[in-house]
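Each chain, written out:
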Amino acid sequence: MAWRLLVLGGVCFLFLGAGGQGRDHRNPRMVTFHRTQQDDWERQVRSRPRRDTATTTTKASHGPTFTSCRLPLTPTEHKVLDDNTHETGFNGDDGSSLTLTWVGDGTGVILVLSTISAPIDSFLEGGSSRLYRSEDYGKSFHDISYRINNTFIRKEFGVSAGPGNSLHVILTADTPVVDNPGGIIFTSTDAGLTFKSVLLPFHLAKAITFHFLNPDYLVVVSIDSGLWLSLDFGAKWTKVHDGAHSFMWGAGITLFFSYSPVGTVEADRRGELLLKRTEDLGITFTTIAENIFNFGYIGGFLFTSVMEELRSPRVIYVSSDQGDNFNRAQLPSASTEQFYSVLDGDEDMIFIHVDNPGDTFFGTMYTSDDRGILYSKSLERHLFGGQRKSDFTNITSLRGAYLTNKLEEDGRIRTVISFDRGGEWRLLNKPENVDCGENVKNCNLHIHGEHSRYNRITPMLPLSEPTAIGLVIAHGGVGESLSSSQHPDVFVSADGGYNWRGTLKGPHHYSILDSGGLIVAVEAHHEGQVKAIKFSTDEGQCWKVYNFTEQPFFFAGLASEPGTKAMNISVWGYRPEDDGQPMWVAVTIDFQSLLTRECVDQDYEKWLAHSTRDGDPETDGCVLGYKETFRRLKKLSVCRNGRDYVVSRKQSPCLCTREDYLCDYGYFRHGNSSECVRQPNTADQTLEVCLNGEEEELLTSGYRKVPSDKCVGGFTPQPRVETAIRPCGAKPSQRPPASQSSSGVHFDTPRERMVLILVCAGAGIIVLVAIVSAVLTVRRVVYRSRTPAYRFSNLQIQDDDNYMTADLESGTSSNGTAFPHDSDDVRVVSQASMLFPHYDLKSPRNTPKSEGRLHNSEAGPSEEHMNATEDPSISVSVNREQEGGGFAADYRYHYTNHPSRGIVAVGFDT
């Protein structure tokens, strides 16, 4: 399972992810295991002979019971596995953590870095890290620390492996900054057989990043904020820019990076970063965005977090063309206490979470159009924990399937699933072999996610793989909602989440091998030791247990080659040696020796994805506009797919239905209905978006096709979608008139046409005279004032308390009169202040060129005139001062309280 999470907070983007046990979300080829601290270790050793059987009120209870199918392991099978089980003890290794890195695809090479958790001064007197290498999928390891001169390697980003099938590896030494002009790296192009030492002209602040296609292209930021590039795998480095904060590779060789101008302080916190792009590896640069807090790149979309005005909420700007053009995402704005989270994305669509104000731990999930600009509400009350942990999961074994949790109004957490990329969400079905009992009104399966793993309720996240079609493994519980007081059990779905089955009691660590033909699991013991592994060849219906060691050890994690192609699994842990010190242990089991028969055609069956038992044959399996039929392994076939196995599928288009459409911006699906209805706060069907310098007015029917949907014919929304293009800021066009029948008024005779021409000519002359008079009047006023002209015609206000300044919130007016915090006077003054960014509306300023004052109409500052709810209009006078003293003109602007847009300017006089 792989998914990506991008959090756009006030000042940062935060990438989070999920994968296997301890697997690094940034690099699926890497997994890290940790040993407990020394005092915890001693406590566990002392208490090992005893088992705590006492029950207390705080102990977790078991959920509804189910029977886990267990098959006996025959003596022959046991002997075969014994002969192909390999145990390695890392004697004398005092490392507190191990980092495993797979190098290349199918090479069998694993590098293991052992490091200790201690300050650098504590190991300079002889301590060092250890580097081990295996070239047989972990069956044996060799200490190769001497190849790097026993240099201590950094724990945080000490090992980096190249992309794809690359054999490139980089080790980063932990070099003290003091008395060293630069750091040291070790590079290898042969999967760790040999290493070359490179002295850097800088010290690294972050991990070296490979280009996703060319492993020779490297980029990194130094501790002095320099951006460095290497085009020859680290042999030579070039500093291409100063003041860099963060960087990301884009399409091709495009590189994006944010930087702060010289002399700025805390530019990232103040929203003063600039975003640059280089398309020729650092030769030339283009500034593509200014005044940003940070940026992110995911699924071909480039995001920036921007505060458009001082103290205003942050908004998101999106580019789908590598930064050539940015457009504001049509999403609710976020205050400094809120955040945006890009949950997942590809070239067609983005899932984004918008946090609710306050510490609510939930928000609203939206889905985008194919430009990443227009967003539709997908799921309300989407759970997002206090540690910014989301349970959002992409089920990669089934197209269009996503899983997440929502926080209900009653405080319960319930799991929902979508099979059409967020178009519709539903509760999970009750597992077929589990009964909830008579007292449970709504019996459903609820899945534990990242929030539960972070709180150590479950050891693993839901797991799925693209090569294991339909297979999903997850921890969960059955009942009315998710419960932390109930022991999580393991459930398996063979059809992508439509139907589930309870398979293992209690929490487990699990892994998928042989493209789904084999599942392995180890029971999770918080303080106990392990010696057995469970495996299933029928998608978790039945399990066999194999005791892989006679000396149990404390479990650290499971490790297998990424991609599910392998049939080797390694169990990692540690046990005490004779001197009482812990020793790392790795046991690798090769299941290929047990499943010796290769699968043939008779072992496979055709499987229609998204098929329901009672579905209409015409529409059964239709999701996102087409059906998909796979060739996958039968449950009862005991054979191996092998490394050459390729997923086979056949696609056929479907007729369009409402399910092939998302609700457009300003619309949502009410309840369980598939019909899109307008949101109550939407004034009308017209949506104006400024795109690439032009304002696009969309008259929508409330539907838009799901990105990547391939349906044809069938349901088509009413053809009311029209587009009007004009420069941004131009006067909006009116709605298109209703279509008229043929019985309308016609001008057919010459007399009627002549009358029409004369009337139009007369009207044109009147309009021309009015325009000329207005132009002359304006020019006279402008020349008399001898000041620049300001455009007030486009000013509009938003009735939002977040826009108030600190002085206004204190309840003191410009003339020192105190107003209550709920006074309408405070609200009106604050709104008027937003209309005049060039003037100080709270107190006069003695400036040589201008002075601005806000006052009410001639009647004086009475509540009768200032209350916008009783009297919908107010006046603002602005006095413009001439050069040399005196006022050139007195402008009086009239404002009205528009029912949907708040206070807007409707005209002015002098």
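Since we're looking at a predicted model, the values are computed, not measured.

(A) Region of interest: the sheet that holds strand β45 (residues 604-608). On the basis of which strands lie adjacent, the open sheet formed by three strands has the order β45-β46-β47 and antiparallel pairing. Both outer strands of the open sheet, β45 and β47 (648-653), are each paired with one neighbouring strand and no more. Along the sheet, successive strands turn relative to each other by an average axial angle of 20°, direction set aside. The pairing of strand β46 (residues 626-633) with β47 spans six bridges and is classified as antiparallel. By the bridge assignment for β47, Glu-628 is matched with Gln-651.

(B) The packing of aromatic side chains, seen in detail. Under the counting rule described, the total for this entry stands at 25 aromatic pairs. Here the aromatic rings of Phe-535 and Phe-591 are separated by 5.2 Å at their centres, their planes lie at 55°, and the arrangement is tilted. Separated by 56 residues along the polypeptide, Phe-535 in strand β40 (residues 532-536) and Phe-591 in the loop between β44 (582-590) and β45 bring together distant segments of the chain. By the burial criterion, Phe-535 is buried, and Phe-591 matches it.

(C) Structural detail: the side chain of Thr-458. Topologically, Thr-458 is positioned in the loop between α4 (450-454) and β34 (472-479). With residues up to four places along the chain from it excluded, the contact list for Thr-458 reads His-448, Gly-449, Ser-452, Arg-453, His-475 and Pro-488.

(D) Seen up close, the pattern of salt bridges. Evaluation of the coordinates by the stated rule reveals 29 salt bridges. Glu-598 is paired through a salt bridge with Arg-640; the nearest N and O atoms lie 3.6 Å apart. Here Arg-640 lies in the loop between β46 and β47 and Glu-598 lies in the loop between β44 and β45, a separation of 42 residues in the sequence. Here Glu-598 falls in the exposed class, since its relative accessible area comes to 54%. Within the structure, one salt-bridge network assembled from shared partners comprises Glu-408, Asp-410, Arg-412, Arg-414 and Glu-480.

(E) Just the confidence of the model for the protein, in detail. Taken as a whole, the protein shows an average pLDDT of 75; of its residues, 70% reach a score of 70 or greater. When pLDDT is averaged over each element of the protein, strand β16 (residues 227-230) comes out on top at 97 and helix α7 (residues 824-835) at the bottom at 30. The low-confidence segment residues 1-26 (pLDDT under 50) makes 110 contacts with residues lying over four places distant or belonging to another chain. The low-confidence segment residues 119-127, where pLDDT is below 50, has five contacts with residues more than four positions distant or belonging to other chains.

(F) Focus on unusual backbone geometry. The backbone of Phe-233 sits at a positive phi, close to 55°, despite the residue not being glycine. On the accessibility criterion, Phe-233 (6% relative accessible area) is buried.

(G) Representation of the state of the cysteines. Within this structure, the stated rule accounts for five disulfides. Through a disulfide, Cys-599 is tied to Cys-639; the S-S separation comes to 2.0 Å. Looking down the S-S bond of the Cys-599 and Cys-639 bridge, the torsion is 100°, so its handedness is right-handed. Here the residue Cys-599 occupies a position in the loop between β44 and β45, and Cys-639 occupies one in the loop between β46 and β47, the gap between them amounting to 40 residues. Here Cys-656 connects covalently by a disulfide to Cys-711, the sulfurs 2.0 Å from one another. Sign of the S-S torsion, about 90° for the bond between Cys-656 and Cys-711, identifies this disulfide as right-handed. Here Cys-656, found in strand β48 (residues 655-656), pairs with Cys-711, found in the loop between β54 (703-705) and β55 (712-714); they are 55 residues apart in sequence, far enough to count as distant. A residue is classified by how much of its surface remains accessible, and Cys-711, at 6% relative accessible area, is buried.

(H) Representation of the pairing of strand β15 (residues 218-221) in the model. Burial along β15 is two-sided: Leu-218 and Val-220 and Val-219 and Val-221, pointing in opposite directions, are all buried. Direction of pairing for strand β14 (residues 209-210) relative to β15: antiparallel, over a ladder of two bridges. In the sheet register, Thr-209 faces β15, and the bridge partner there is Val-219. Note that β15 and β16 share four bridges and pair antiparallel. Pairing of Val-219 across the sheet is with Leu-229, part of β16.

(I) The arrangement of the sheet that holds strand β33 (residues 444-447) in detail. Taking strand neighbours across the sheet as the criterion, the four strands line up as β33-β34-β35-β36 in an open arrangement whose pairing is antiparallel. One side of each edge strand has no neighbouring strand; the edge strands of this open sheet are β33 and β36 (501-504). Pairs of neighbouring strands in the sheet enclose a mean axial angle of 55°, with direction left out of account. Relative to β36, strand β35 (residues 489-493) runs antiparallel, the two being bridged by three bridges. Each bridged residue has a counterpart across the sheet, and for Phe-491 the counterpart in β36 is Gly-502.

(J) Quick look at the environment of Ser-637. If you trace the backbone, Ser-637 turns up in the loop between β46 and β47. For Ser-637, a relative accessible area of 7% translates into the label buried. Remark: the alpha-carbon pair of Ser-637 and Thr-537, spanning 100 residues in sequence, is separated by 7.9 Å. Not counting the four nearest positions on each side in its chain, Ser-637 is found in contact with Thr-537 and Asp-603.

Scoring rules and cut-offs
Residues numbered from 1 in each chain as written. Predicted model: local features only at pLDDT ≥ 70, side-chain atom pairs only at ≥ 80, totals over all residues. Heavy atoms only, no water. Pairing = 2+ DSSP bridges. Helix = DSSP H or I, 4+ residues; strand = E, 2+ residues; numbered from the N terminus. Axes fitted to C-alpha atoms, helices over the stretch in contact; angles between N-to-C directions. Phe/Tyr/Trp six-rings, centres within 6.5 Å; stacked < 30°, edge-to-face > 60°. Buried < 20%, exposed > 50% of the residue type's maximum accessible area, 1.4 Å probe, protein only. Contact = heavy atoms within 4.5 Å. Salt bridge = Lys/Arg side-chain N within 4 Å of Asp/Glu carboxyl O. pLDDT = per-residue confidence, 0-100. Disulfide = S-S within 2.5 Å.

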